[in-house]
Amino acid sequence: MFVERVSDGVIAPVLDDLQDKQVLNQDEAENVRAERRRAKQARYLIDVVMRKGLKASTIFIQCLHDRDPLLATELGLDASSGAPATVPLMTPSPTAQTSAAQAQPAQCEEWIQKCPLAELQRIKKSEGNEIYDIFDPKTRTRLALIICNIEFRYFKRRDGAEMDVENMEKLLKELGYKVEVKWNLTSQDMAETLKQFAARDEHQTSDSTFLVLMSHGVKAGLCGTDSKDESTDLLLNDSIFSAFNNKNCKALMRKPKVIIIQACRGKNEGRVFVSDSAGSPSDDTSITVLSPEEYEDDSVEQVHLESDFIGFYSTTPDTMAWREKKTGSIFITRLTEYLRKHAWNCPLEEIFRKVQNSFDDFPRQMPTKERTTFKKKFYLFPGH
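Per an unreviewed UniProt entry, the protein chain goes by Caspase-1 and derives from Alligator mississippiensis.

Okay, structure coming up:
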């Protein structure tokens, strides 16, 4: 709403105020001013401030109140606490007040909006068998893996990627996952790390997993740290899914497996941001077709080789993914933001759709869902 409604005449003085209060440094402020379109300035400003946490966000809200109190009020922002204001236009009954409070997420002091128990119970009751089971947080052993390549022998450094890891790690921990982070791996090391992670005993008592991979990339896959072109030291996309299919990772059978990939899948020209591109993709890149012999024949039942996956890529095939040198990639920034705001009452695929829609103001890149075999809705229910 801020991005849609704020005017040029408000952005400039708010930017000055944030510099005076040392929320933004000179470079950050200049990066905002360098954007020509008002919506892009507003989006960039919000992204930078939110990355700095609650104190920075509270100062920003106070500055907005000073410069445009009407807009701040319309957005429901309370200048004194940094929290959304809760002044009703008419006083509801005590019963209505209780119901409304139960249905709303915990406000502002928390980095991620938690799901109230009443909302969790409502969703479970209304959607029943249409949603994936969530295990008891007291006994479940959720695991998540982040692989991030920053330093390469032949390619330029992926500046800003550290911020992506920091934000994704914090997000996944808030969602109840024990997060393991691996840095600067060759394709062989990445494949071995995925294999070992898929074999972890904790998956038996987990209800889901997240795999986040960030590197330079081409259409066929992700670059290892020794990659020198589009055909050397590559982790193929197929191998990621293969490591966690129902043949190789039985512990996660019928459980949601979320694969997030931040990497280029092609190469084009750019001017402001740093791209995660290693080179031009091969036009004749093909996907391996699995033979029937690769399917497991179970004496009790037969299952799909690949199911309950969702892949969320930073960009469509043959195009670039963009990363800001200081604040990280646009994709990971917005994905983190939308999961923080909407995981409390939206299934994962709906949140991904919201992220895609947020790129209407950035036509150079469009995140895409691929290889999705979810058979149910996956609610994360933060706090449960």
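*Asks:* It is not clear to me how the pattern of salt bridges should be interpreted in this structure. Could you clarify?
*Replies:* Opposite charge on two side chains lets them pair, provided their charged atoms get close. Within this structure, the stated rule accounts for 27 salt bridges. Between Arg-334 and Asp-361 there is a salt bridge whose closest N-O contact spans 3.1 Å. One end of the pair, Arg-334, is in helix α12 (residues 330-342); the other, Asp-361, is in the loop between α13 (348-358) and β12 (368-370), with 27 residues separating them in the sequence. Each member of the pair, Arg-334 as well as Asp-361, carries the same accessibility label: buried. Members of the salt-bridge network, linked through shared partners, are Arg-43, Arg-334, Glu-337, Lys-341 and Asp-361.

*Asks:* Would you mind showing me how to read the pairing of strand β1 (residues 143-148) here?
*Replies:* Each regular strand displays side chains that alternate between the two surfaces of the sheet. Within β1, 6 of the 6 residues are buried, which leaves the element mostly enclosed by the surrounding structure. Side chains Leu-143, Leu-145 and Ile-147 of β1 all project onto a buried face; the interleaved residues Ala-144, Ile-146 and Cys-148 project onto the opposite face, where all are buried too. In the classification by handedness, the crossover that spans β1, the intervening helix α9 (residues 161-174) and the parallel strand β2 (residues 178-183) is right-handed. Two strands pair when backbone bridges link them, and β1 and strand β3 (residues 209-214) are joined in this way by 6 bridges, in the parallel orientation.

*Asks:* Explanation requested: the side chain of Gln-41 in the structure shown.
*Replies:* When you line up the elements, Gln-41 lands in helix α4 (residues 38-51). Looking at Gln-41, the relative accessible area reads 13%, which means it is buried. A polar contact is formed between the side chain of Gln-41 and the backbone oxygen of Val-32, at a distance of 3.4 Å. Leave out the neighbours within four places in its chain, and Gln-41 touches Asp-8, Ile-11, Val-32, Arg-33 and Glu-35.

*Asks:* Hey, could you run me through the sheet that holds β2 in this one?
*Replies:* In a beta sheet, neighbouring strands pair by backbone hydrogen bonds and run either parallel or antiparallel. Spatially, β2-β1-β3-β7-β9-β12 is the arrangement adopted by the 6 strands of the open sheet, whose pairing is mixed. Two strands close off the open sheet at either side, each with one partner strand: β2 and β12. Between one strand axis and the next, the sheet turns by 15° as a mean value, whatever way the strands run. Here β3 pairs with strand β7 (residues 257-262) via 6 bridges, running parallel. Across the sheet, Met-214 pairs through a bridge with Gln-262, a residue of β7. The sheet contacts of α12 involve β3, β7 and β9 (309-313), and relative to β7 the element is tilted by about 145°.

Rules and cut-offs
Along each chain, numbering runs from 1 in the same order as the chain's sequence is written. Two thresholds apply to this predicted model, a pLDDT of at least 70 for residue-level local features and 80 or more for giving and counting side-chain atom pairs, whereas whole-chain, interface and lining totals are computed over all residues. Calculation of side-chain values draws on the structure's entire complement of heavy atoms; hydrogens and water are dropped beforehand. Whenever a carboxyl oxygen of Asp or Glu lies within 4 Å of a side-chain nitrogen of Lys or Arg, that contact is scored as a salt bridge. Working definition: helices are DSSP H or I runs of at least four residues, strands are E runs of at least two. Numbering for both runs from the N terminus. Exposure classes here rest on a 1.4 Å probe applied to the protein chains alone. A residue is buried below 20% of its type maximum, exposed above 50%, and partly exposed in between. Place the viewer so that the strands point away; then a crossover is right-handed whenever the path from the first strand over the helix to the second strand goes clockwise. For two strands to be treated as a pair, DSSP must find no fewer than two bridges joining them. In protein, a polar contact means a hydrogen-donor-capable atom and an acceptor-capable atom, both N or O and within 3.5 Å, with residues adjacent in sequence counting only if both atoms are side-chain atoms; elsewhere, any N or O pair within 3.5 Å suffices. Any two residues having at least one pair of non-hydrogen atoms within 4.5 Å are treated as being in contact. Structural elements are reduced to axes, namely lines fitted to C-alpha atoms, with helices fitted over the stretch in contact, and the angle between N-to-C directions of any two is expressed from 0 to 180 degrees.

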